[in-house]
Amino acid sequence: MMRPNVTEQLAGIRRILADVVAPHVADPYPADVLAGVLAVLDTLSRWDEIPDFLRWDSERCNSILAIAGAQTVGFAGDPLDLDALAEHQRDARRALEAAMPVVLADAAARTAMVGYFRERCGRFPLASTSVGRTARVEGITSAHTAR
(Lines give C-alpha, C1' and ligand atoms only; values in the text may rest on other atoms or scores of the structure.)
Protein backbone atom coordinates (compact mmCIF):
# COMPACT_ATOMS: atom_id res chain seq x y z
CA MET A 1 0.00 0.00 0.00
CA MET A 2 1.25 3.45 -0.89
CA ARG A 3 1.85 5.66 2.14
CA PRO A 4 0.61 8.17 2.88
CA ASN A 5 -2.71 7.26 1.26
CA VAL A 6 -5.26 9.87 0.20
CA THR A 7 -7.12 9.79 3.52
CA GLU A 8 -3.88 10.30 5.45
CA GLN A 9 -2.86 13.16 3.14
CA LEU A 10 -6.18 14.93 3.67
CA ALA A 11 -5.86 14.49 7.44
CA GLY A 12 -2.31 15.85 7.32
CA ILE A 13 -3.34 18.92 5.35
CA ARG A 14 -6.21 19.55 7.75
CA ARG A 15 -3.94 19.15 10.79
CA ILE A 16 -1.37 21.65 9.36
CA LEU A 17 -4.07 24.21 8.62
CA ALA A 18 -5.68 23.80 12.04
CA ASP A 19 -2.50 23.62 14.13
CA VAL A 20 -0.12 25.90 12.22
CA VAL A 21 -2.18 28.35 10.17
CA ALA A 22 -5.35 28.84 12.24
CA PRO A 23 -3.62 30.25 15.35
CA HIS A 24 -2.23 33.08 13.18
CA VAL A 25 -5.52 34.03 11.53
CA ALA A 26 -6.99 36.95 13.47
CA ASP A 27 -9.33 38.63 10.96
CA PRO A 28 -12.85 37.17 11.22
CA TYR A 29 -13.47 36.77 7.48
CA PRO A 30 -10.34 34.70 6.65
CA ALA A 31 -10.92 32.79 9.91
CA ASP A 32 -14.42 31.88 8.75
CA VAL A 33 -13.11 30.84 5.33
CA LEU A 34 -10.46 28.69 7.00
CA ALA A 35 -13.08 27.07 9.23
CA GLY A 36 -15.07 26.23 6.09
CA VAL A 37 -12.01 24.71 4.42
CA LEU A 38 -11.34 22.59 7.51
CA ALA A 39 -14.94 21.37 7.48
CA VAL A 40 -14.66 20.44 3.79
CA LEU A 41 -11.44 18.52 4.48
CA ASP A 42 -13.26 16.62 7.26
CA THR A 43 -15.99 15.74 4.79
CA LEU A 44 -13.59 14.74 2.00
CA SER A 45 -11.74 12.43 4.34
CA ARG A 46 -14.66 10.02 3.81
CA TRP A 47 -13.99 9.81 0.05
CA ASP A 48 -13.26 6.07 0.26
CA GLU A 49 -16.85 5.34 1.31
CA ILE A 50 -18.27 6.63 -1.99
CA PRO A 51 -18.03 3.40 -4.07
CA ASP A 52 -19.89 1.35 -1.44
CA PHE A 53 -22.52 4.07 -1.13
CA LEU A 54 -23.05 4.21 -4.92
CA ARG A 55 -23.48 0.42 -5.07
CA TRP A 56 -25.86 0.43 -2.11
CA ASP A 57 -27.88 3.33 -3.50
CA SER A 58 -28.25 1.71 -6.93
CA GLU A 59 -29.27 -1.61 -5.36
CA ARG A 60 -31.91 0.07 -3.18
CA CYS A 61 -33.35 2.02 -6.13
CA ASN A 62 -33.52 -1.18 -8.16
CA SER A 63 -35.15 -3.11 -5.32
CA ILE A 64 -37.90 -0.46 -5.06
CA LEU A 65 -38.37 -0.54 -8.82
CA ALA A 66 -38.67 -4.33 -8.69
CA ILE A 67 -41.22 -4.22 -5.85
CA ALA A 68 -43.31 -1.78 -7.93
CA GLY A 69 -42.98 -3.97 -11.03
CA ALA A 70 -41.04 -1.27 -12.89
CA GLN A 71 -38.01 -1.89 -15.06
CA THR A 72 -34.72 -2.04 -13.15
CA VAL A 73 -31.37 -0.68 -14.33
CA GLY A 74 -28.62 -3.24 -14.90
CA PHE A 75 -24.91 -2.67 -14.39
CA ALA A 76 -22.33 -4.22 -16.67
CA GLY A 77 -19.41 -1.93 -15.86
CA ASP A 78 -16.28 -2.44 -13.85
CA PRO A 79 -17.29 -2.49 -10.16
CA LEU A 80 -14.06 -0.64 -9.32
CA ASP A 81 -14.67 2.17 -11.84
CA LEU A 82 -15.97 5.13 -9.82
CA ASP A 83 -17.30 6.94 -12.91
CA ALA A 84 -19.21 3.82 -14.04
CA LEU A 85 -20.65 3.34 -10.53
CA ALA A 86 -21.71 7.01 -10.41
CA GLU A 87 -23.35 6.80 -13.83
CA HIS A 88 -25.21 3.63 -12.86
CA GLN A 89 -26.39 5.26 -9.64
CA ARG A 90 -27.64 8.32 -11.59
CA ASP A 91 -29.46 6.02 -14.04
CA ALA A 92 -31.08 4.06 -11.19
CA ARG A 93 -32.17 7.30 -9.47
CA ARG A 94 -33.60 8.62 -12.78
CA ALA A 95 -35.51 5.36 -13.25
CA LEU A 96 -36.89 5.60 -9.71
CA GLU A 97 -37.94 9.19 -10.31
CA ALA A 98 -39.65 8.26 -13.60
CA ALA A 99 -41.46 5.36 -11.90
CA MET A 100 -42.68 7.45 -8.98
CA PRO A 101 -46.40 7.25 -9.96
CA VAL A 102 -46.18 3.43 -9.99
CA VAL A 103 -44.13 3.37 -6.76
CA LEU A 104 -46.61 5.63 -4.95
CA ALA A 105 -49.53 3.48 -6.08
CA ASP A 106 -47.99 0.33 -4.57
CA ALA A 107 -48.07 0.26 -0.75
CA ALA A 108 -45.03 -2.05 -0.40
CA ALA A 109 -42.96 -0.01 -2.86
CA ARG A 110 -44.01 3.24 -1.19
CA THR A 111 -43.00 1.90 2.23
CA ALA A 112 -39.66 0.68 0.83
CA MET A 113 -39.07 4.09 -0.77
CA VAL A 114 -39.69 5.96 2.50
CA GLY A 115 -37.30 3.62 4.31
CA TYR A 116 -34.72 4.09 1.55
CA PHE A 117 -34.85 7.89 1.78
CA ARG A 118 -34.52 7.80 5.56
CA GLU A 119 -31.58 5.41 5.47
CA ARG A 120 -29.93 7.28 2.59
CA CYS A 121 -29.64 10.46 4.65
CA GLY A 122 -27.53 8.66 7.23
CA ARG A 123 -25.44 6.73 4.72
CA PHE A 124 -24.45 9.55 2.36
CA PRO A 125 -20.66 9.69 2.83
CA LEU A 126 -20.13 13.36 2.04
CA ALA A 127 -22.81 14.75 4.31
CA SER A 128 -21.54 17.30 6.75
CA THR A 129 -21.26 16.10 10.32
CA SER A 130 -22.41 19.53 11.48
CA VAL A 131 -25.67 19.90 9.59
CA GLY A 132 -27.02 23.41 9.85
CA ARG A 133 -23.89 24.70 11.55
CA THR A 134 -20.61 26.03 10.29
CA ALA A 135 -17.64 24.14 11.64
CA ARG A 136 -15.44 26.16 13.95
CA VAL A 137 -11.84 25.93 14.98
CA GLU A 138 -11.04 26.87 18.55
CA GLY A 139 -10.09 30.53 18.71
CA ILE A 140 -11.58 31.41 15.33
CA THR A 141 -14.68 33.57 15.39
CA SER A 142 -17.37 33.92 12.77
CA ALA A 143 -17.09 36.50 9.99
CA HIS A 144 -19.37 39.48 9.92
CA THR A 145 -22.39 38.59 7.75
CA ALA A 146 -22.10 41.80 5.71
CA ARG A 147 -18.79 40.65 4.23
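In this text the structure is predicted, and so the values were computed from the model without any measurement.

A. Up close: unusual backbone geometry. A cis amide bond links Arg-3 to the next residue, Pro-4, at an omega of -10 degrees. Following the sequence through the fold, Pro-4 ends up in the segment before helix 1 (6–21).

B. How the structure looks around the packing of aromatic side chains. The final tally for this structure, using the stated rule, is four aromatic pairs. With centroids separated by 5.3 Å and ring planes inclined at 85 degrees, the aromatic side chains of Phe-53 and Phe-124 adopt a geometry described as edge-to-face. In this pair, Phe-53 sits in helix 3 (residues 50–67) while Phe-124 sits in the segment after helix 6 (107–123), placing the two residues 71 residues apart along the sequence. Take Phe-124: its relative accessible area is 32%, and that puts it in the partly exposed class. Residues Tyr-116 and Phe-117 carry aromatic rings whose centres are separated by 5.0 Å and whose planes lie at 45 degrees to one another, so their mutual orientation is tilted. Looking at Tyr-116, the relative accessible area reads 0%, which means it is buried. Accessibility expressed as a relative area gives 34% for Phe-117, which makes it partly exposed. The rings of Phe-53, Trp-56, Tyr-116, Phe-117 and Phe-124 are connected pair by pair, giving a single aromatic cluster.

C. Molecular detail of helix 4 (residues 82–98). Across its 17 residues, helix 4 extends 24 Å between first and last C-alpha, which sits within 8% of the 24 Å expected from 1.5 Å per residue. Restricting attention to buried positions, one finds in helix 4 the residues Leu-85, Ala-86, His-88, Gln-89, Ala-92, Ala-95 and Leu-96. In the core, the buried residues of helix 4 are packed alongside helix 3, helix 5 (100–105) and helix 6. Where helix 4 begins, the capping side chain belongs to Asp-81, and its oxygen is found 3.0 Å from the backbone nitrogen of Asp-83.

Each value, and the rule that gives it
- Residues numbered from 1 in each chain as written.
- Predicted model: local features only at pLDDT ≥ 70, side-chain atom pairs only at ≥ 80, totals over all residues.
- Heavy atoms only, no water.
- Helix = DSSP H or I, 4+ residues; strand = E, 2+ residues; numbered from the N terminus.
- Phe/Tyr/Trp six-rings, centres within 6.5 Å; stacked < 30°, edge-to-face > 60°.
- Buried < 20%, exposed > 50% of the residue type's maximum accessible area, 1.4 Å probe, protein only.
- Expected span 1.5 Å × (residues − 1).
- Contact = heavy atoms within 4.5 Å.
- Polar contact = N/O pair within 3.5 Å; in protein donor to acceptor, adjacent residues only side chain to side chain.

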